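Examining the three-dimensional arrangement
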Amino acid sequence: MTNLTFRPAERHDLEPLLPLFLEMERFYDGDAAVCEPLARDRLAIALDGRPAGIMILALTDRPLGFASIHEMFPGSQLNAMWYLKELFVSADARGQGMGEGLMSAAAKAIVGRGGSRLEFTTEAQNISAQRFYTRMGAREVPKKFYRYEGEALQRLAGQGLG
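Computed from a predicted structure; not experimentally measured.

Attention shifts here to the packing of aromatic side chains. Geometrically, a pair of aromatic rings is defined through the distance of the ring centres and the angle of the planes. Scanning the entire structure with this criterion turns up seven aromatic pairs. Geometrically, the ring pair formed by Phe-27 and Tyr-28 is edge-to-face, given 5.0 Å between the ring centres and 80° between the ring planes. Residue classification places Phe-27 among the partly exposed positions, given a relative accessible area of 49%. Using a relative accessible area of 41% as the deciding quantity, one classes Tyr-28 as partly exposed. A ring pair is formed by Tyr-28 and Phe-88, whose centres lie 6.4 Å apart and whose planes are at 55°; its orientation type is tilted. Of the two residues, Tyr-28 is situated in helix H1 (residues 14-29) and Phe-88 in strand S4 (residues 81-89); the sequence distance between them amounts to 60 residues. Connected via pairs of aromatic rings, a cluster forms that spans Phe-21, Phe-27, Tyr-28, Phe-66 and Phe-88.

Laid out in structure tokens, this is it:
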């Protein structure tokens, strides 16, 4: 693929990125995906630096994929560690090395900032993603993943002592 570059996303990438994010939403949520105006608003907030993190793009004349990574502290031995929230490649660009390039670019950004570890999850049924990460040298760790959302999160927020 000619003129393929990997670089951090910037605010001016909003409109070119929007179709990729809408594709991702449809991929994961189908008919329940967020609408374009809401997606545009939320992507603008993310590109303005909230939440803090780095979004790395794979692009030619348009964005073909992205990796969204976020720094967390503390990690092992009080080093910073990073979390890969999302790795997504457009359907028409899969199988061309985008995922590998995005993971490598993310690793370079993390190592360049003193990070000691990159962690992430996949859905249990996403066997192709699991094979991809194993092929890239990641190892599975024996942990359980927990989540609060919706009403459960609201209840938890109301349980404070103060």
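Okay, the pattern of salt bridges next. Overall, the coordinates contain nine salt bridges when judged by the stated rule. Between Glu-36 and Arg-40 there is a salt bridge; the shortest N-O distance is 3.1 Å. A residue pair is termed a helical-turn pair when its members lie 3 or 4 positions apart in one helix, as Glu-36 and Arg-40 do in helix H2 (residues 36-47) at four residues. We classify Arg-40 as partly exposed; its relative accessible area is 25%. Residues Glu-100 and Arg-135 are paired through a salt bridge, measuring 2.8 Å at the closest nitrogen-oxygen approach. With a gap of 35 residues between them, Glu-100 in helix H3 (residues 98-112) and Arg-135 in helix H4 (residues 127-135) connect regions that are remote in the sequence. Under the relative-accessibility criterion, Arg-135 is labelled exposed at 57%. Among the charged side chains, a network of salt bridges with common partners joins Glu-15, Glu-36 and Arg-40.

What follows deals with the packing of H1 against H2. Look at H1 against H2: their axes get within 10 Å of each other, and the N-to-C directions meet at 120°. As judged from the angle between their axes, H1 and H2 are oblique. The handedness of the crossing between H1 and H2 comes out as right-handed. Residues Leu-14, Glu-15, Leu-17, Leu-18, Phe-21 and Leu-22 of H1 touch H2, and the partners they reach there are Glu-36, Ala-39, Arg-40, Leu-43, Ala-44 and Leu-47. For the contact of H1 with H2, a count of residues per class yields nine nonpolar, no polar and three charged.

What counts and how
Residues numbered from 1 in each chain as written. Predicted model: local features only at pLDDT ≥ 70, side-chain atom pairs only at ≥ 80, totals over all residues. Heavy atoms only, no water. Phe/Tyr/Trp six-rings, centres within 6.5 Å; stacked < 30°, edge-to-face > 60°. Buried < 20%, exposed > 50% of the residue type's maximum accessible area, 1.4 Å probe, protein only. Helix = DSSP H or I, 4+ residues; strand = E, 2+ residues; numbered from the N terminus. Salt bridge = Lys/Arg side-chain N within 4 Å of Asp/Glu carboxyl O. Axes fitted to C-alpha atoms, helices over the stretch in contact; angles between N-to-C directions. Parallel < 35°, antiparallel > 145°, perpendicular 65-115°, else oblique. Left-handed = near helix turned anticlockwise from the far one by under 90°. Contact = heavy atoms within 4.5 Å. Nonpolar A, V, L, I, M, F, W, Y, C, P; charged D, E, K, R; others polar.

Everything listed is a geometric property; what it means functionally is a separate question.
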